[in-house]
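Structural description and commentary
Residues per chain, in single letters:
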Amino acid sequence: MTTSVPSVADRLVRMLRRTLLAVFGVQLALAIGMSLVDSYRRRGKKPKPFPVTPPRTVPIGEGTVTTYTFGKDLFDDMLAAIDGATRQVLLETYIWKGDEIGERFKAALAAAAERGVEVYCIYDGFANLVVSPRFKRFPPTMKVLRYPVYAAGWRVLDLRRYGRDHRKILVVDDEVGFVGGFNIGSAYETEWRDTHMRITGPGVWDLKRAFADFWNLNRRRRIGTSERPLLLETASTWESRIRFHRNVPRLWMFPIRGMYLEAINRASRNVWMTHAYFIPDQDFVDAMKAAARRGVDVRLLIPLKSNHIVADWISRGYFSQLLDAGVRILRYRDAMVHSKTSTIDGTWTTVGTANIDRLSLTGNYEINVELIDEELAAAMEEIFTVDESNCLELTSGEWEARDLHRKFTEFVLAPLRPLL
């Protein structure tokens, strides 16, 4: 009887496999440990008040655009629009908490449906796993699509079916539309700094089309039953200065990243960006660096501490490159800034749901509105300036002097960048 002796190649493969598993295990354990410790430290702590900019309405073509930076202002106007609906309400959200604010929205939608308004709702199943099942029982008069926690079915290897529905949309009676970063919940009403827009005029049709396309793509089709498709009329006019960009993983469409890169590459005066989570690819970083090196005022406003500590640490891996190129990094203190906005050269603006990370730019269903208007850009620059007053700026000297254990943690977590 003979025993086979592993070859050198077999031993090398085995060693490499064990090394990779060990490295990944360390990263995973570190990420979980950091998240648990951070969650424990946050218990019972409330964010401090932060400066906000009152809603401001700007005319664009045949319609208007209103900016919101405080949840209470936004939710009051959204609920008023639902209460005044006479024909149709379309609501899509990523997170829909079963708290006081969530109940107010649910009651307003149910009341609209009861008086004969067509009410369509979409929410993401995974994002609301911790929400009570009782809250997620809706009256039969409402048409509700729960985007499933697992949408791939038997198509396990089809990466197009793993994106989450991260969008936030409200359209009422073809007259008014809302889009931006705010989820629905009490914490978002007063504790988080976010940005949303209210749109009237021809732009509302494009927002309605975005909702209908998602509904029709994901509505349930089962033997003997099928949710009705949401049919649309054709808009008679359109506003060329307002464009909606939609990431649709099922169709392998991800235009939002290209929108950002083109705008940054064309910048000649300033690029002011606010992002909750900043984990870009190298092309994105290079575009920001190139803009700063040709004299553009490039500023990046991010949370000092976000609600995802691992994302914070991974984001810091890009700071050295950006600071060396002249990019200013501003860290928002005392509250979570959840906005996804940018304004460039006093003309170009975008507000939406997409973060600068892999999940948003090449993974999830997202929507951003792109607007070309000087008065709106001025309003967005004012908002940025107010936010900047609540920031701590990170200097190159401060960054280079950080502790060795911080540098080690950043190094260990760096390979997780492609996953986030």
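The structure presented is a predicted model; accordingly, all values stated were derived computationally and were not measured.

Secondary structure assignment for the protein chain yields 13 helices and 20 strands. Within the protein chain, buried positions represent 51% of all 420 residues. Pairs at least 24 apart in sequence give 78% of the contacts found in the protein chain among residues at least 6 apart. Roughly 19900 Å² of accessible area belongs to the protein chain as shown, and the carbon and sulfur atoms make up 57% of that amount.

Strand-to-strand pairing in sheets goes through backbone hydrogen bonds, with the strands running parallel or antiparallel. As summarised here, the arrangement of the eight strands in space is E1-E2-E9-E7-E6-E3-E4-E5, forming an open sheet in which the pairing is mixed. Here the strands that pair on one side only, and so sit at the sheet edges, are strand E1 (56–60) and strand E5 (143–147). When strand polarity is set aside, the average angle formed by the axes of neighbouring strands in this sheet is 15 degrees. Most of the contacts of helix H3 (residues 100–114) go to strand E4 (residues 118–124), to which it runs at about 150 degrees, and overall it touches strand E3 (88–93) and E4. Its contacts with the sheet place helix H5 (residues 203–218) against E3, E4, E5, strand E6 (169–172), strand E7 (176–180) and strand E9 (196–200), and it is angled at close to 65 degrees to E4.

With 12 residues, helix H6 (residues 255–266) extends 17 Å between its outermost C-alpha atoms, agreeing within 8% with the 16 Å of an ideal straight helix rising 1.5 Å per residue. Considered for burial, the residues of H6 that qualify are Ile256, Met259, Tyr260, Leu261, Ala263 and Ile264.

We now examine the packing of aromatic side chains. One pass over the structure, following the stated rule, counts 21 aromatic pairs. Ring geometry for Tyr150 versus Tyr162: centroids 6.0 Å apart, planes at 70 degrees, classification edge-to-face. Residue Tyr150 is located in the loop between E5 and E6, and its partner Tyr162 is located in the loop between E5 and E6; the two are separated by 12 residues in the primary sequence. Note on Tyr150: relative accessible area 42%, which makes it partly exposed. Ring centres of Trp252 and Phe254 lie 5.7 Å apart, and the angle between their planes is 75 degrees; this geometry places the pair in the edge-to-face category. Connected via pairs of aromatic rings, a cluster forms that spans Trp96, Tyr123, Phe135 and Phe138. Across the ring face of Phe138, the terminal group of Lys106 is positioned such that the distance to the ring centre comes to 5.2 Å.

This brings us to unusual backbone geometry. In this structure, Trp252 takes a positive phi of about 55 degrees despite not being glycine. Note on placement: Trp252 falls in the loop between strand E12 (242–247) and H6. Look at Asp345: it is not a glycine, yet its phi comes out positive at around 60 degrees. Considering the arrangement of structural elements, one finds Asp345 in the loop between strand E17 (340–344) and strand E18 (348–352).

With that settled, the discussion passes to the side chain of Glu92. By the element assignment, Glu92 lies in strand E3. One polar contact links Glu92 to Arg167, side chain to side chain, over a distance of 2.9 Å.

Moving on: the sheet that holds strand E19 (residues 366–372). Taken together, the eight strands give an open sheet; going across it, the order is E12-E19-E18-E17-E13-E14-E15-E20, and neighbouring strands pair in mixed fashion. Both outer strands of the open sheet, E12 and strand E20 (391–394), are each paired with one neighbouring strand and no more. Mean inter-strand twist for the sheet, computed between neighbouring axes without regard to direction, equals 15 degrees. As paired elements, strand E15 (residues 328–332) and E20 share four bridges and run antiparallel to each other.

In this section: the pairing of E4. The buried fraction of E4 amounts to six of the seven residues, a majority that puts the element mostly inside the structure. Examined bridge by bridge, E3 and E4 share six bridges and lie parallel to one another. From the neighbouring strand, Leu90 faces E4, where its bridge partner is Tyr120. Running through H3, the crossover from E3 to the neighbouring parallel element E4 is right-handed. Where E4 and E5 come together, five bridges link them in parallel fashion. Bridged to Asp124 within E5 is Tyr147.

Our focus in this paragraph is the UniProt feature "domain: PLD phosphodiesterase" (unreviewed entry) in the protein chain. Within this numbering scheme, the UniProt entry marks residues 161–188 and 333–360 as carrying the feature "domain: PLD phosphodiesterase" (unreviewed entry). Strand forms 32% of residues 161–188 and helix 11%; the C-alpha atoms that close the span are 29 Å apart. Across residues 333–360 one finds 11% helix and 43% strand; the C-alpha atoms that close the span lie 24 Å apart.

Between H6 and helix H7 (residues 282–293), the least distance of the axes is 9 Å, while the angle of their chain directions is 20 degrees. Here H7 runs roughly parallel to H6, going by the angle between their axes. In the crossing of H6 with H7, the sense of the turn from one axis to the other is left-handed. From H6, Arg257, Tyr260, Leu261, Ile264 and Asn265 reach across to H7, where they touch Asp283, Phe284, Ala287, Met288 and Ala291. Considering only residue class, the contact of H6 with H7 consists of seven nonpolar, one polar and two charged.

Further remarks concern the environment of Glu398. Its location among the elements puts Glu398 in helix H12 (residues 396–400). On the basis of relative accessibility, which here comes to 39%, the residue Glu398 falls in the partly exposed class. Leaving out residues up to four positions away in the same chain, Glu398 has contacts with Arg331 and Glu393. Here Arg331 takes part through its side chain, which lies 3.1 Å from a polar atom of the side chain of Glu398.

What counts, and where the lines are drawn
Residues numbered from 1 in each chain as written. Predicted model: local features only at pLDDT ≥ 70, side-chain atom pairs only at ≥ 80, totals over all residues. Heavy atoms only, no water. Helix = DSSP H or I, 4+ residues; strand = E, 2+ residues; numbered from the N terminus. Buried < 20%, exposed > 50% of the residue type's maximum accessible area, 1.4 Å probe, protein only. Contact = heavy atoms within 4.5 Å. Areas by Shrake-Rupley, 256 points an atom, 1.4 Å probe, with all protein chains shown as cover. Pairing = 2+ DSSP bridges. Axes fitted to C-alpha atoms, helices over the stretch in contact; angles between N-to-C directions. Expected span 1.5 Å × (residues − 1). Phe/Tyr/Trp six-rings, centres within 6.5 Å; stacked < 30°, edge-to-face > 60°. Lys NZ or Arg CZ within 6 Å of the ring centre and 35° of its normal. Polar contact = N/O pair within 3.5 Å; in protein donor to acceptor, adjacent residues only side chain to side chain. Right-handed = clockwise from strand over helix to strand, strands pointing away. UniProt positions renumbered as here; feature names shortened; annotations may be inferred. Parallel < 35°, antiparallel > 145°, perpendicular 65-115°, else oblique. Left-handed = near helix turned anticlockwise from the far one by under 90°. Nonpolar A, V, L, I, M, F, W, Y, C, P; charged D, E, K, R; others polar.

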